[in-house]
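Fold and contact review
Listed below, chain by chain, are the residues.
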Amino acid sequence: MIRPIVKFGVAGLQAPSQPVVEFDTALHTLIDDMIETMYAAPGIGLAAPQIGVPLQVCVIDLSIGKRGGQVITLVNPEFVEREGLQLEEEGCLSVPGLQATVPRSERAVVTGRDRDGLPITIEGHGLLARALQHELDHLDGRLFLDRLRGIQRDVIVRRIRKQQRQGAW
Ligand code: NI
């Protein structure tokens, strides 16, 4: 089931998520819905708080479902390594239509659990490393805006506020 994606301004989006304890059918339904919602958007990543669920779950698929078996599901993820630097434009399904150049590590290694609770490790360079950092930020209640310098962030927040005043957000 496709679920509505919450946008910047909804309080839950900027609160830390809770670890998953039960790897049950409710979790599997949540994950399936997140994947379907990500593909429909379309986007390359989605975190549970973006559909209003405060749990440490995120999904990533750089192919947006075009190549089978590419989807990564991460439950209770954490970084074990980050190195290097990349500067690329980044956007977010919860901040539609607005992008900014965000500094991220070039390489990232994350450990966590899969949908069945089995331990997994994901290593990413470039775009995958960026997606991992973006989605794990969501689980800490952090948006890409929060990685920008004051003035860059203010410009984006002003644009959002303007759209909110116009009822277009
Ligand atoms: Ni995002």
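Refer to the preceding data block for the structure.
What comes next is a walk through the structure. (Residues numbered from 1 in each chain as written. Predicted model: local features only at pLDDT ≥ 70, side-chain atom pairs only at ≥ 80, totals over all residues. Heavy atoms only, no water.)

Observations concerning the coordination of the nickel ion
Ideal geometry at a metal centre: 109.5 degrees between donors when four sit tetrahedrally, and 90 or 180 degrees when six sit octahedrally. All of the protein donors around the nickel ion are Cys92 (SG), His134 (NE2) and His138 (NE2); their distances to the metal are 2.0 to 2.2 Å. One chain supplies every donor to the nickel ion, and in sequence these donors are spaced C-x41-H-x3-H. On the criterion of sequence distance, the pair formed by cysteine 92 in the loop between strand 4 (86-90) and strand 5 (100-104) and histidine 134 in helix 2 (residues 126-139) is long-range, its members being 42 residues apart. Assessed through its relative accessible area of 10%, cysteine 92 is described here as buried. On the basis of relative accessibility, which here comes to 8%, the residue histidine 134 falls in the buried class. (Donors = N, O, S within 2.8 Å, 3.2 Å for Na, K, Ca; no water. Helix = DSSP H or I, 4+ residues; strand = E, 2+ residues; numbered from the N terminus. Buried < 20%, exposed > 50% of the residue type's maximum accessible area, 1.4 Å probe, protein only.)

Details of the environment of valine 80
Structurally, valine 80 is set in strand 3 (residues 72-83). Classification of valine 80 as partly exposed rests on a relative accessible area of 48%. Sequence-distant contacts of valine 80, defined by excluding residues within four places in its chain, comprise Val109, Val110 and Thr111. (Contact = heavy atoms within 4.5 Å.)

What about the sheet that holds strand 1 (residues 45-47)?
Strand pairing in a sheet relies on backbone hydrogen bonds, with the paired strands running either antiparallel or parallel. In space, the five strands of this open sheet follow the order 1-2-3-6-7, with antiparallel pairing throughout. Taken across any chain shown, the strands that pair with only one partner, and hence form the sheet edges, are strand 1 and strand 7 (119-125). Shown here is a sheet whose adjacent strand axes are inclined to one another by a mean of 35°, direction ignored. Inspection of the sheet shows strand 6 (residues 107-113) paired to strand 7 by seven bridges, in the antiparallel sense. (Pairing = 2+ DSSP bridges. Axes fitted to C-alpha atoms, helices over the stretch in contact; angles between N-to-C directions.)

Section: the packing of aromatic side chains
Evaluation of the coordinates by the stated rule reveals zero aromatic pairs. Directly above the aromatic system of phenylalanine 79 lies the positively charged group of arginine 82, at a separation of 3.9 Å from the ring centroid. (Phe/Tyr/Trp six-rings, centres within 6.5 Å; stacked < 30°, edge-to-face > 60°. Lys NZ or Arg CZ within 6 Å of the ring centre and 35° of its normal.)

As for helix 1 (residues 25-40)
The first and last C-alpha atoms of helix 1 sit 22 Å apart over 16 residues, in line with the 22 Å expected at 1.5 Å per residue. Considered for burial, the residues of helix 1 that qualify are Leu27, His28, Leu30, Ile31, Asp33, Met34, Ile35, Thr37 and Met38. Residues of helix 1 that are buried in the fold lie against strand 1, strand 2 (57-60) and strand 3. (Expected span 1.5 Å × (residues − 1).)

Details of the pattern of salt bridges
Tallying each qualifying case throughout the model produces 11 salt bridges. Of the charged contacts in the structure, one is a salt bridge between arginine 130 and glutamate 90, with a shortest N-O distance of 2.3 Å. Of this pair, arginine 130 sits in helix 2 while glutamate 90 is found in strand 4, placing the two residues 40 residues apart along the sequence. Each of the two residues, arginine 130 as well as glutamate 90, counts as buried. The partner of glutamate 123 in a salt bridge is arginine 107, and the shortest N-O contact between them spans 2.8 Å. Remark: arginine 107 occurs in strand 6 and glutamate 123 occurs in strand 7; sequence separation between them is 16 residues. Since its relative accessible area comes to 44%, glutamate 123 is described here as partly exposed. (Salt bridge = Lys/Arg side-chain N within 4 Å of Asp/Glu carboxyl O.)

Quick look at unusual backbone geometry
Looking along the chain, the bond that leaves alanine 41 and enters proline 42 is cis, with omega of -10°. Of note, proline 42 is situated in the loop between helix 1 and strand 1. At asparagine 76, a position not held by glycine, the phi torsion is positive, near 50°. Residue asparagine 76 is classed as buried on the basis of its relative accessible area of 19%.

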